[in-house]
Amino acid sequence: MTSTHAAAKASAASPLLSVRDLAVFYGDAQALDGVSLDVNEGEIVAIIGANGAGKTSLIRSIGGVVPARSGSVRFDGREIAGLPSHVVCDLGLGQVAEGRQVFPNMSVLENLEIGAMLPRARAGAAKTLEAVFAMFPRLRERVAQPAGTLSGGEQQMLAIGRCLMGAPRLIMFDEPSMGLAPAVVLEVLNVIRQLHGRGMTVMLVEQNVAASLRLADRAYVLENGSIVLSGKGSELLGDERIKQAYLGL
Ligand SMILES: Nc1ncnc2c1ncn2[C@@H]1O[C@H](COP(=O)(O)OP(=O)(O)O)[C@@H](O)[C@H]1O
Ligand SMILES: [Mg+2]
């Protein structure tokens, strides 16, 4: 374990999300091996890793979508490993899945309403909807439009808006800018920055490594299912290993 890893661990007093020794298998194939990480309230924590490193498996196992073989996942002090995903969501741990999972035949408004079906979100849904529309004016202009007819960027905004409708305390983003035009990538990263500015806690998996390290307070590097390095975003940006492996420098 590196010194930056130890320092990052020491600074985590009482994390909102705390993962310990997480192992995930698909059949006999191990996707995650002994993963431990913390996300403190108000932080943006980036997860960096090549294709197949296990980033999506990490998000899906924390969210209860894929079962953990062993290990602990604590959210807000409560053990959540083994809980079904709708229960995890209702505790305030939201995720924006890879590939803009909107319901294409449903309208923008219906997609947003689905996000607010969580018990924790129902009472505040009208107010949250206004906040989502204030953040994404283009969604308000397109409330009745089938989600499948939105542009890629608009669909990603809708996926984020739907997650926000569930009143999350922490959002895990899985490659939110994938497949989007450069200008839209900037928009998506800006949305994450704005949410962070309003106090949202974020775990970010992003193929755009340089941008995500600039945005992140801290980051972990995942290789072959294990964390091999961690530290402040700014430190990792200057790390030779990161430069060579992920920044093409
Ligand atoms: N549903 C699945 N069934 C079997 N193997 C899977 C499944 N999903 C992912 N994997 C494997 O698990 C490993 C990690 O994948 P993934 O978590 O998607 O990585 P990343 O998101 O970092 O690209 C890869 O070897 C991948 O092939
Ligand atoms: Mg992935």
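How each quantity is defined
Residues numbered from 1 in each chain as written. Chains lettered and ligands numbered in written order. Predicted model: local features only at pLDDT ≥ 70, side-chain atom pairs only at ≥ 80, totals over all residues. Heavy atoms only, no water. Core = buried A, V, L, I, M, F, W, Y, C linked by side-chain atoms within 4.5 Å. Buried < 20%, exposed > 50% of the residue type's maximum accessible area, 1.4 Å probe, protein only. Contact = heavy atoms within 4.5 Å. Helix = DSSP H or I, 4+ residues; strand = E, 2+ residues; numbered from the N terminus. Pairing = 2+ DSSP bridges. Axes fitted to C-alpha atoms, helices over the stretch in contact; angles between N-to-C directions. Parallel < 35°, antiparallel > 145°, perpendicular 65-115°, else oblique. Left-handed = near helix turned anticlockwise from the far one by under 90°. Nonpolar A, V, L, I, M, F, W, Y, C, P; charged D, E, K, R; others polar. pLDDT = per-residue confidence, 0-100. Polar contact = N/O pair within 3.5 Å; in protein donor to acceptor, adjacent residues only side chain to side chain. Expected span 1.5 Å × (residues − 1).

## Side note on the nonpolar core
Ranked by size, the top nonpolar core spans 50 residues in total, and within it Phe136, Ile160, Leu164, Phe173 and Leu195 carry the most contacts. Beyond its immediate chain neighbours, meaning those up to four positions away, Leu164 contacts Thr128, Val132, Met135, Phe136, Ile171, Leu195 and Met200. Among the nonpolar cores identified, the runner-up in size contains 29 residues, and Val24, Ile62, Ile80 and Tyr220 belong to it.

## A closer look at the pairing of strand S9 (residues 218-223)
Judged by how many residues are buried, S9 sits mostly within the fold: five of six residues are covered. When strand S3 (residues 44-48) meets S9, the two strands line up parallel, connected through four bridges. By the bridge assignment, Val45 is partnered in S9 with Arg218. Pairing geometry for S9 and strand S10 (residues 226-232), over six bridges, is antiparallel. Following the sheet pairing, Ala219 is matched in S10 by Gly231.

## Examining the pairing of strand S1 (residues 17-26)
Side-chain direction in a regular strand flips from residue to residue, so the side chains alternate between the two faces of the sheet. In this sheet, strand S2 (residues 29-39) lies alongside S1 in antiparallel orientation, the contact comprising seven bridges. Within S2, the residue paired with Leu17 across the bridge is Val39. Once S1 ends, the chain turns through two residues before running back antiparallel as S2, passing Gly27 with a positive phi of about 60 degrees.

## A few points about the sheet that holds S1
Strands sit in the order S2-S1-S4-S5 across an open sheet of four strands; the sheet is antiparallel. Either end of the sheet is taken by a strand with one partner, and the two such strands are S2 and strand S5 (78-79). Strand direction decides the pairing type here: S1 and strand S4 (residues 70-75), joined by five bridges, are antiparallel. When the bridges of S4 are listed, Ser18 appears paired with Arg74.

## Remarks on the packing of helix H8 (residues 152-165) against helix H9 (residues 182-197)
Look at H8 against H9: their axes get within 10 Å of each other, and the N-to-C directions meet at 15 degrees. Our classification of the angle between H8 and H9 gives roughly parallel. Between H8 and H9 lies a crossing of right-handed hand. Counted together, Gly153, Gln156, Met157, Ile160 and Leu164 of H8 and Val184, Glu187, Val188, Val191 and Leu195 of H9 form the full contact between these two elements. Its residues assigned to classes, the contact of H8 with H9 comprises seven nonpolar, two polar and one charged.

## Brief notes about the confidence of the model for the chain
Here the chain shows a mean pLDDT of 93. Residues at 70 or above account for 94%. Contacts of residues 1-12 to residues separated by more than four positions or lying in other chains number 18 contacts, the stretch itself having pLDDT below 50.

## Looking at the side chain of Asp239
Examined against the element boundaries, Asp239 turns out to sit in the loop between helix H11 (233-237) and helix H12 (240-246). Of the polar contacts made by the side chain of Asp239, one reaches the backbone nitrogen of Arg241; its length is 2.8 Å.

## Remarks on the sheet that holds strand S7 (residues 170-174)
Strand order across the open sheet formed by six strands is S6-S7-S8-S3-S9-S10, with mixed pairing between neighbours. Only two strands of the sheet have a single partner each, and these edge strands are strand S6 (93-96) and S10. Across this sheet, the average inter-strand angle for adjacent strands is 20 degrees, counted without regard to direction. With four bridges joining them, S3 and strand S8 (residues 201-205) adopt parallel strand pairing. The residue bridging Ile47 from the neighbouring strand is Val205, located in S8. Across the face of the sheet, H8 comes into contact with S6 and S7 while running at roughly 170 degrees to S6.

## Some remarks on the environment of Leu109
With respect to the helices, strands and loops of the structure, Leu109 is situated in helix H4 (residues 108-115). Assessed through its relative accessible area of 27%, Leu109 is described here as partly exposed. For Leu109, the contacting residues outside a window of four places in its chain are Leu129, Phe133 and Val143.

## Quick word on H8
Compared with the 20 Å implied by 1.5 Å per residue over 14 residues, the 20 Å span of H8 between its first and last C-alpha is a close match. Judged by how many residues are buried, H8 sits mostly within the fold: 13 of 14 residues are covered. Two residues or fewer past H8, Ala167 is found with a positive phi of approximately 50 degrees.

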